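The residues making up each chain are set out below.
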Amino acid sequence: MADIRFEHVVKTYDNGVTVIPDLNLEIKDKEFVVLVGPSGCGKSTTLRMIAGLETISEGELYIGDHVVNDVAPKNRDIAMVFQSYALYPHMTVYKNMAFALELRKTPKAEIDQKVREAARILELEPYLDRKPKALSGGQRQRVALGRAMVRDPEVFLLDEPLSNLDAKLRTEMRSQISSLHKRLATTFVYVTHDQTEAMTMGDRICVMKAGIIQQFDTPQQLYNYPDNVFVAGFIGSPQMNFVEARVDANGSSYDLVFGNDRIRVDKPELARYIGKEVILGIRPEDLHAEEDFIRKAEDACFTAHVKLAEMMGSEIYLYFDILGSQKIARIPSRIPAGVDMDIRLAIDTDKVHVFDKDTEKAICH
């Protein structure tokens, strides 16, 4: 069993800076978990504590049933793949992949079988006699994965492994790593600052900020039911629009008032916020410019003055201001819209999110 459990783990450096104040996290056996968040949020430190490359100041870290706080990295049965590949430049691909097994005094026949099997899975067979300098970035990253694979570790740790690759290669490698996880059926812990990687790869995603877990859930739950403003703004591309609004009663419903506009929503959770300011969250794809939608949503329309229009192929991103702050709508490119145009937009009120202005925690979705 390769489940991983942090129990009240604290990480404080020698200079007195605490980067992880109190971490409680459980990763299930064979699960693909992504740690995501902005730079400095503690995700890489968390990964390095699992690897044994960072000491734990307080609390306990379990791998399986064993506390591993004082277990040396080489005895943890984990393999780590780094952003920089960390390949030996003077060794061939074969030697790079075989080296850790040679250090363990693994029989040559077993080494050969494991290296060639990993090379077959990762489509590296034609490159086994080449040195890293003769490989592309994507091929080097596959060698780094292969070097980890041959060890049959209980846990794979991946620290921003795709950040050095171009966009096309990143997309290819994302699918390869996801396929590798399914094939190997072992625990993967993956660190990235890229929410697209997190959403497309993880069984569950742990969103971190300042060393604190903001939400740990499936990609769909994070997207549809963010716990707070930070998660709502971090997950989703383009990111969610936020508007400060006042809650007014309107019969059995409620109006959210911002500037000269108001939208009617049927959210009973807003009853205790009447007369108060809240934060309204609207995803760009939940703003609609189609005439049929506008006709059906008369109580949720407003006019936007387009300041910038970005053609994205099948979609167009429209940038406009609400109360002096830039917002974005994501609409089909067949709809005529351009710079300096006024366009009528309707909000899908079934999809809006409302947050407490003081705590920034979700009130309703």
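Keep in mind that this is a model prediction, so the values were computed, not measured.

Draft legend 1. Just the overall build of the chain, in detail. Within the chain, the secondary structure is distributed over nine helices and 22 strands. Projected onto the principal axes, the alpha-carbon positions of the chain cover approximately 75 × 45 × 35 Å. Put simply, of all contacts in the chain between residues at least 6 apart along the chain, 64% involve residues at least 24 apart. Per element, the accessible surface of the chain, about 17,500 Å² overall, is 47% carbon and sulfur. Here the chain contributes 46 positive and 55 negative side-chain charges, whose respective centroids are spaced 6 Å apart.

Draft legend 2. Spotlight on the domain arrangement of the chain. Domain boundaries in the chain define domain 1 (4–234) and domain 2 (241–364). Across the domain 1/domain 2 interface, buried area totals approximately 760 Å², and carbon plus sulfur atoms make up 57% of it. Taken as a group, Y223, V229 and A232 account for 63% of the area that domain 1 buries against domain 2, more than any other trio of residues on that side. The interface formed by domain 1 and domain 2 contains zero salt bridges. For the pair domain 1 and domain 2, the interface holds four residue pairs in polar contact (both at pLDDT 80 or more). Taken together, the elements giving at least two residues each to the side of domain 1 that touches domain 2 come down to α7 (219–224) and α8 (229–234).

Draft legend 3. Examining the pattern of salt bridges more closely. In total, this model carries 18 salt bridges according to the counting rule given. With a closest N to O distance of 3.5 Å, E54 and K11 form a salt bridge. Here E54, found in the loop between α1 (43–51) and β4 (58–63), pairs with K11, found in strand β1 (residues 4–12); they are 43 residues apart in sequence, far enough to count as distant. By relative accessible area, E54 is classed as buried at 16%. Between E110 and K114 there is a salt bridge; the shortest N-O distance is 3.2 Å. Of this pair, E110 and K114 both sit in helix α3 (residues 108–121), four residues apart, which is roughly one turn of the helix. Residues joined in a network through salt bridges with shared partners are R246, D248, D255 and R262.

Parameters and conventions
Positions within a chain are numbered from 1, following the residues in the order the chain's sequence is written. It should be noted that, the model being predicted, local features are given only for residues of pLDDT at least 70 and side-chain atom pairs only at 80 or more, the latter also being counted only at that level, while totals for whole chains, interfaces and linings use all residues. Hydrogens and waters are ignored; side-chain quantities use all the structure's heavy atoms. Each helix is a run of H or I in the DSSP string that is no shorter than four residues. Each strand is a run of E no shorter than two, and both are numbered from the N terminus. Residues are treated as being in contact if the distance between any of their heavy atoms lies within 4.5 Å. Here the Shrake-Rupley method, with its probe set to 1.4 Å, supplies the accessible areas, and only the displayed protein chains count as covering residues. The convention is simple: Lys and Arg are positive, Asp and Glu are negative, and His and the chain ends are not counted. For the purpose of locating charges, the reference atoms are NZ of Lys, CZ of Arg, CG of Asp and CD of Glu. Domain segmentation is taken from an automatic or database assignment of domains. A simple way to read buried area is as the amount of 1.4 Å-probe accessible surface that goes missing from two parts once joined, with both sides added. Whenever Lys or Arg places a side-chain nitrogen within 4 Å of a carboxyl oxygen from Asp or Glu, that contact is recorded as a salt bridge. Nitrogen and oxygen atoms within 3.5 Å of one another constitute a polar contact, given that in protein one can donate a hydrogen and the other can accept it, and given that sequence-neighbouring residues count only through two side-chain atoms. The cut-offs for exposure are 20% and 50% of the maximum accessible area for each residue type, with area from a 1.4 Å probe on protein chains only; residues under the lower value are buried, those over the upper are exposed, and the others partly exposed.

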